[in-house]
Amino acid sequence: ESMAESLRGGLSLTMSGFGYWSHDIGGFESTSTPDVYKRWAAFGLLSTHSRLHGSWSYRVPWAYDEEAVDVVRFFTRLKATLMPYLFSQAIDTANTGVPVMRSMVMEFPDDPSCAYLDKQYMLGDNMLVAPLFNDEGIAQYYLPEGRWTDYFTGEVKEGGRWIKEKHGYLSIPLMVREGSLIAIGSRDYADKVILKAYELEDGISSTTAVHGEDGDIEIRAEITRKDNEIYINVDSGKNYSLVLINVTNVSSVKNGTFEIIDNNTVITPAGSGQIICTL
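Since this is a predicted model, take the numbers as computed values, not measurements.

1. Some details on helix α1 (residues 2-14)
Moving on, step 1. Spanning 13 residues, α1 covers 18 Å between terminal C-alpha atoms, matching the ideal 18 Å at 1.5 Å per step.
Moving on, step 2. By the burial criterion, the buried members of α1 are Met3, Ala4, Leu7, Gly10, Leu11 and Thr14. Seen from one end, α1 has its buried residues packed into an arc of 125°, which puts them on one side.
Moving on, step 3. In this structure, the buried residues of α1 make contact with α2 (34-44), β1 (101-102), α5 (104-107) and β2 (121-123).

Encoded structure:
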């Protein structure tokens with residue numbers, strides 16, 4: 001209940017003009033159960049910034065149980081890989097005032113089902129997060145219209161409906177919006193970045209920018225699908241690769257090489273210039 005209240009209050013705060021918001025993983029007062037702590041860790045590490053903090057008891061995961069250590073490690077590593085995306089979203093927030101964690105109604109104002117949703121949120125422009133608020137591991141969340149991809153499994157789900165599913169502790173509904181170009185990477189936000197393209201819509205360009213730690217843009221990328229060809233333009237002095245999620249019917253790549261790995265096409269550029277991928 002307190003975790004749900006924290007999210008509800010945080011979304012109200014970001015709807016009121018605050019760009020960033022944090023909460024105490026496991027709750028501030030008293031000591032939560034290990035179950036609450038593990039679910040809150042997943043939620044907390046998929047927030048703009050994350051803190052293991054309480055009033056009088058320690059919030060370190062090993063104070064709960066060994067599985068809690070695994071959960072915090074898993075979602076900490078996930079957040080670390082998402083930092084190119086999250087940092088760029090944070091810079092956009094500083095420039096525009098649009099919060100990183102935002103209510104569904106802010107992103108989908110014309111969808112009446114989003115008007116009162118207070119137990120899920122958009123993390124930036126492209127990712128939807130639905131924390132679990134029960135001890136049965138049951139997630140219930142709403143997907144707006146469109147095709148959404150499970151970040152962990154690659155499963156594509158049609159939107160415009162409610163979803164109910166069961167999740168273990170190393171899982172949470174983390175859905176990627178169709179037409180998204182998500183940058184993931186390593187400790188250097190802009191080096192060895194992997195650009196992941198999801199459910200590209202014909203004739204509509206998807207773009208992203210990746211910032212270095214000083215805030216300057218170091219990678220600009222645009223990808224457009226037209227019939228049976230995908231055009232990729234990347235302006236970068238850094239090493240990068242591109243992954244077409246759930247695309248396996250590639251026949252050739254101009255100005256790059258490709259291989260099929262786990263139902264995805266991984267493209268490695270051969271140099272600067274436009275990459276053309278033929279399906």
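2. Considerations on the pairing of strand β14 (residues 240-244)
Moving on, step 1. Along β14, 5 of the 5 residues are buried, which leaves the element largely enclosed by surrounding structure.
Moving on, step 2. Going residue by residue along β14, you find Tyr240, Leu242 and Leu244 tucked away on one face and Ser241 and Val243 tucked away on the opposite face as well.
Moving on, step 3. Sheet topology places β14 next to strand β17 (residues 264-269); 3 bridges connect them, and they run antiparallel. By the bridge assignment for β17, Leu244 is matched with Thr265.

3. Here's the deal with the nonpolar core
Moving on, step 1. Leu46, Tyr121, Leu123, Met127, Leu128 and Tyr151 are the most contacted members of the largest nonpolar core, which totals 53 residues.
Moving on, step 2. Not counting residues up to four positions away in its chain, the partners in contact with Leu128 are Met104, Gln120, Tyr121, Met122, Tyr141, Tyr142, Leu143, Pro144, Trp148, Pro173, Leu174 and Met175.
Moving on, step 3. Judged by nonpolar contacts, the second largest core, of 24 residues, contains Leu181, Ala190, Ile223 and Tyr240.

Reading guide: rules and limits
Each chain carries its own residue numbering, running from 1 in the direction its sequence is written. This being a predicted model, a pLDDT of at least 70 is required before a residue's local features are given, and a value of 80 or more before pairs of side-chain atoms are given or counted; all residues contribute to the totals for chains, interfaces and linings. Note that the side-chain values use all heavy atoms of the structure and ignore hydrogens as well as water. Comment: elements are numbered from the N terminus, with helices defined as DSSP H or I runs of at least four residues and strands as E runs of at least two. A helix is expected to reach a length of 1.5 Å times the quantity of its residues less one. Each residue is placed in one exposure class: buried if its accessible area under a 1.4 Å probe, protein chains only, is under 20% of its type's maximum, exposed if it is over 50%, and partly exposed if it falls in between. Each direction from the helix axis to a C-beta atom contributes to the arc, which is the arc of those directions. What makes two residues a contact is simply this: any of their non-hydrogen atoms within 4.5 Å. When DSSP finds two or more bridges between a pair of strands, those strands are recorded as paired. By nonpolar core we mean a set of buried residues, namely Ala, Val, Leu, Ile, Met, Phe, Trp, Tyr and Cys, connected to one another through side-chain atoms within 4.5 Å.

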